[in-house]
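# Close look at the chain arrangement
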Amino acid sequence: VMDKLLSLDAGELDLLLQYPKAIDATVQNLEGVLEERGEDGLERFEVPLLSWGDMQRLKVEECSQVAAVEGASAPAALESAV
């Protein structure tokens, strides 16, 4: 699984690493592929790239978590992040 992650495009890997939920979901997906298809299947598996919608959802979730910790509303935290 680690080799598969490291074979990703540097930009995509960097993006995944910025969002713990994204990297966790990707690792779980790859582990599932490994269990179902074996090592050969994992080697041939194309890791799905994050879509623009995925990125926006992750940013909103992250801002909501920060807002909850800091006591601000999610929209206010999102505006300050932009």
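Procedures and definitions
- Numbering of residues starts from 1 in every chain and runs along the sequence as written.
- For this predicted model, a pLDDT threshold of at least 70 governs which residues receive local features, and a threshold of 80 or more governs which side-chain atom pairs are given and counted, while totals over whole chains, interfaces and linings are taken from all residues.
- In computing side-chain properties, one takes all heavy atoms of the structure into account and sets aside hydrogens as well as water.
- Secondary structure elements follow DSSP: runs of H or I no shorter than four residues count as helices, runs of E no shorter than two count as strands, and numbering proceeds from the N terminus.
- Whether two residues touch is decided by their heavy atoms; if any such pair falls within 4.5 Å, the residues are in contact.
- Note on classification: 1.4 Å probe, protein chains only; a residue is buried when its accessible area is under 20% of the maximum for its type, exposed when over 50%, partly exposed between these limits.
- Directions are taken from the helix axis to each C-beta atom, and the arc is the one they span.
- Any pair of N or O atoms that falls within 3.5 Å is considered a polar contact. Within protein, one atom must be able to donate a hydrogen and the other to accept it, and sequence-neighbouring residues count only if both atoms are side-chain atoms.
- Confidence of the predictor in every single residue is expressed as pLDDT, which spans 0 to 100.
- Take the buried Ala, Val, Leu, Ile, Met, Phe, Trp, Tyr and Cys residues and link them wherever side-chain atoms come within 4.5 Å; each set so joined is a nonpolar core.
- One less than the residue count of a helix, multiplied by 1.5 Å, gives the span that helix is expected to have.
- Bend, at a single residue, is the angle you get between axes fitted to the 7 residues ending at that residue and the 7 residues starting at it.
- A side-chain nitrogen of Lys or Arg and a carboxyl oxygen of Asp or Glu constitute a salt bridge if their distance falls within 4 Å.

Right, let's talk about the side chain of Thr26 for a bit. Mapped onto the fold, Thr26 is located in helix 3 (residues 20–44). Beyond its immediate chain neighbours, meaning those up to four positions away, Thr26 contacts Leu5, Leu16 and Val47.

Take helix 2 (residues 10–18) next. Buried within helix 2 are the following residues: Glu12, Leu13 and Leu16. Down the axis of helix 2, the smallest arc covering the buried residues is 100°, so these residues share one side. In helix 2, the exposed positions angled more than 90 degrees off the buried face are occupied by Ala10 and Leu17. Summarising the contacts, the buried residues of helix 2 are in contact with helix 1 (2–6) and helix 3. Its side-chain oxygen 3.1 Å from the backbone nitrogen of Gly11, Asp9 forms the N-cap of helix 2.

Looking now at the confidence of the model for the chain. Residues of the chain with pLDDT of at least 70 account for 78%, and the chain-wide mean is 84. Of all helices and strands in the chain, the one with the weakest mean pLDDT is helix 5 (residues 74–81) (49), whereas helix 3 scores best (95).

The biggest cluster of nonpolar side chains holds 14 residues, and the ones touching the most others in it are Leu8 and Leu30. Within the residue set of this core, elements represented by two or more residues are helix 2, helix 3 and helix 4 (52–70). Ignoring anything within four residues of it in the chain, the contact list for Leu8 reads Leu13, Leu16 and Val47.

Our focus in this paragraph is helix 3. Helix length check: helix 3, at 25 residues, gives a terminal C-alpha distance of 25 Å against a target of 36 Å (1.5 Å per residue), a shortfall beyond 12%. The sharpest bend along helix 3 measures roughly 125° and falls at Arg37.

This brings us to the pattern of salt bridges. Two side chains with opposite charge may pair up if their charged atoms get near one another. Counting across every chain of the model gives three salt bridges. If you follow the salt bridges from partner to partner, you end up with Lys21, Asp54, Arg57 and Glu61 in one network.

The topology assignment puts Leu49 in the loop between helix 3 and helix 4. Take Leu49: its relative accessible area is 59%, and that puts it in the exposed class. A sequence separation of 36 residues divides Leu49 from Leu13, and the C-alpha atoms of the two residues are 9.6 Å apart. Every residue in contact with Leu49, bar those within four places of it in the chain, is listed here: Glu12 and Asp54.

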